[in-house]
Amino acid sequence: MANRFVPSELFRGHWKGLSDYRQKKSIPDVATRFLIVALPLIAGISIAVLDGRLSAPGSLLAGAALLAGGFLAAFGQISNLRVRLTDRARDYADAEAIDRDALDETAAHLLVASFMSAITALALVLAMNLGAEPDGAVRGLWAAVVVVPATYVLLVFIIAIPRLYTAYVNINSVRDELSGTHRGL
């Protein structure tokens with residue numbers, strides 16, 4: 001029963017979503033997968049090596065907590081949109097397949113972002129209680145432990161937001177004159 005605490009399926013779904021799945025066989029998006037792992041590590045190593053400082057960790061903690069909740073709320077909305085598409089699957093099996101896939105991908109990204117926001121909050125609480133300076137700032141290795149998951153959250157957020165917009169536009173049949181997915185004026 002300890003597997004309830006292991007989010008491996010969540011991260012596997014997130015990782016699979018970092019692919020081009022428009023064809024029958026998915027093709028991993030190697031560049032995105034590399035960046036989503038490398039950039040947080042580079043940010044964390046940079047903070048540790050340069051003895052970086054987080055001056056207001058309390059504000060970051062509040063932000064991480066709000067993000068965790070916000071991502072869960074967005075997941076609820078995505079889940080409702082997915083139910084609508086599932087209900088219409090008989091009539092639009094092929095036409096909306098990409099939209100269903102996009103919502104499935106986005107759901108995993110939002111849940112991973114929420115999970116990593118919670119990890120960021122936990123790292124901040126630990127850093128503030130175990131490694132804070134007298135003025136409350138967190139620096140060096142503790143700051144790096146916070147920056148790695150926070151950077152990951154930012155990157156997943158950047159991935160998820162355009163997916164949410166595309167899903168909204170497609171599912172709600174937004175007119176071309178108002179749709180950012182339509183290239184014309």
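Residues numbered from 1 in each chain as written. Predicted model: local features only at pLDDT ≥ 70, side-chain atom pairs only at ≥ 80, totals over all residues. Heavy atoms only, no water.

Visitor: Describe in detail the nonpolar core, supporting the description with residues and values.
Guide: Within the largest apolar cluster, 20 residues are counted, with the highest numbers of intra-cluster contacts made by Ile36, Ile78, Leu103, Tyr152 and Ile171. Listing elements by their share of this core, those giving two or more residues are α3 (57–87), α4 (97–130) and α5 (140–171). If one sorts the elements of this core by residue count, α5 sits on top with eight residues. Every residue in contact with Tyr152, bar those within four places of it in the chain, is listed here: His14, Ile36, Pro40, Val112 and Met116. Judged by nonpolar contacts, the second largest core, of eight residues, contains Leu54, Leu124, Ala127 and Ala143. (Core = buried A, V, L, I, M, F, W, Y, C linked by side-chain atoms within 4.5 Å. Buried < 20%, exposed > 50% of the residue type's maximum accessible area, 1.4 Å probe, protein only. Helix = DSSP H or I, 4+ residues; strand = E, 2+ residues; numbered from the N terminus. Contact = heavy atoms within 4.5 Å.)

Visitor: Can you lay out the layout of surface pockets for me, pointing to particular residues and giving the numbers?
Guide: Once rolled over the atoms, a probe with the size of a water molecule shows which space is left empty. Estimated volume of the largest pocket: approximately 350 Å³. Forming the walls of the largest pocket are 18 residues, and the residues nearest its centre are Gly17, Ser19, Tyr21, Glu105 and Arg163. For the lining of the largest pocket, the secondary-structure elements that each account for two or more residues are β1 (19–20), α4 and α5. With six residues, α5 is the single largest residue contributor to the lining of the largest pocket. Lining the second largest pocket are 14 residues, with Leu60, Ala64, Leu67, Thr120 and Ala150 positioned closest to its centre. Counting residues per element, the ones that place at least two in the lining of the second largest pocket are α3, α4 and α5. By residue number, the principal contributor to the lining of the second largest pocket is α5, which donates six residues. In terms of residue class, the lining of the second largest pocket is built from eleven nonpolar, three polar and no charged. (1 Å grid on protein atoms, 1.4 Å probe; cavity = no way out; pocket = protein on both sides within 12 Å on 5 of 7 lines; lining within 4 Å. Points joined across faces, edges and corners; volume = space filled by probe spheres on them. Nonpolar A, V, L, I, M, F, W, Y, C, P; charged D, E, K, R; others polar.)

Visitor: Please set out the pattern of salt bridges residue by residue, giving values where relevant.
Guide: The final tally for this structure, using the stated rule, is seven salt bridges. Among the salt bridges present, the one from Glu133 reaches Arg139, with a minimum N-O distance of 2.8 Å. Under the relative-accessibility criterion, Arg139 is labelled partly exposed at 31%. Among the salt bridges present, the one from Arg175 reaches Glu177, with a minimum N-O distance of 3.8 Å. The same class applies to Arg175 as to Glu177, namely exposed. (Salt bridge = Lys/Arg side-chain N within 4 Å of Asp/Glu carboxyl O.)

Visitor: Give a detailed account of the packing of α4 against α5, specifying residues and quantitative values.
Guide: Helix packing geometry: the angle between the two helix axes and the distance between the axes. Remark: α4 packs on α5, axes separated minimally by 8 Å, with the N-to-C direction vectors making an angle of 155°. Regarding the angle of α4 to α5, the classification is roughly antiparallel. Along this stretch, α4 crosses α5, giving a crossing that reads as left-handed. A class-by-class count of the residues in the contact of α4 with α5 yields 25 nonpolar, five polar and three charged. (Axes fitted to C-alpha atoms, helices over the stretch in contact; angles between N-to-C directions. Parallel < 35°, antiparallel > 145°, perpendicular 65-115°, else oblique. Left-handed = near helix turned anticlockwise from the far one by under 90°.)

Visitor: An account of the packing of helix α1 (residues 8–17) against α4 is needed here, citing residue identities and associated values.
Guide: Taken N-terminus to C-terminus, the directions of α1 and α4 make an angle of 130°; their axes are 8 Å apart at the nearest point. Put simply, α1 runs oblique to α4. Here α1 runs over α4; the crossing is left-handed. Touching Leu10, Phe11, Gly13, His14 and Gly17 of α1 are Glu105, Ala108, His109, Leu111, Val112, Phe115 and Met116, all from α4. When its residues are assigned to classes, the contact of α1 with α4 shows seven nonpolar, four polar and one charged.

Visitor: Tell me about α5, residues and numbers included.
Guide: With 32 residues, α5 extends 46 Å from end C-alpha to end C-alpha; this agrees with the ideal 46 Å at 1.5 Å per step. Just past α5, the residue Ser173 takes up positive phi, approximately 50°. (Expected span 1.5 Å × (residues − 1).)

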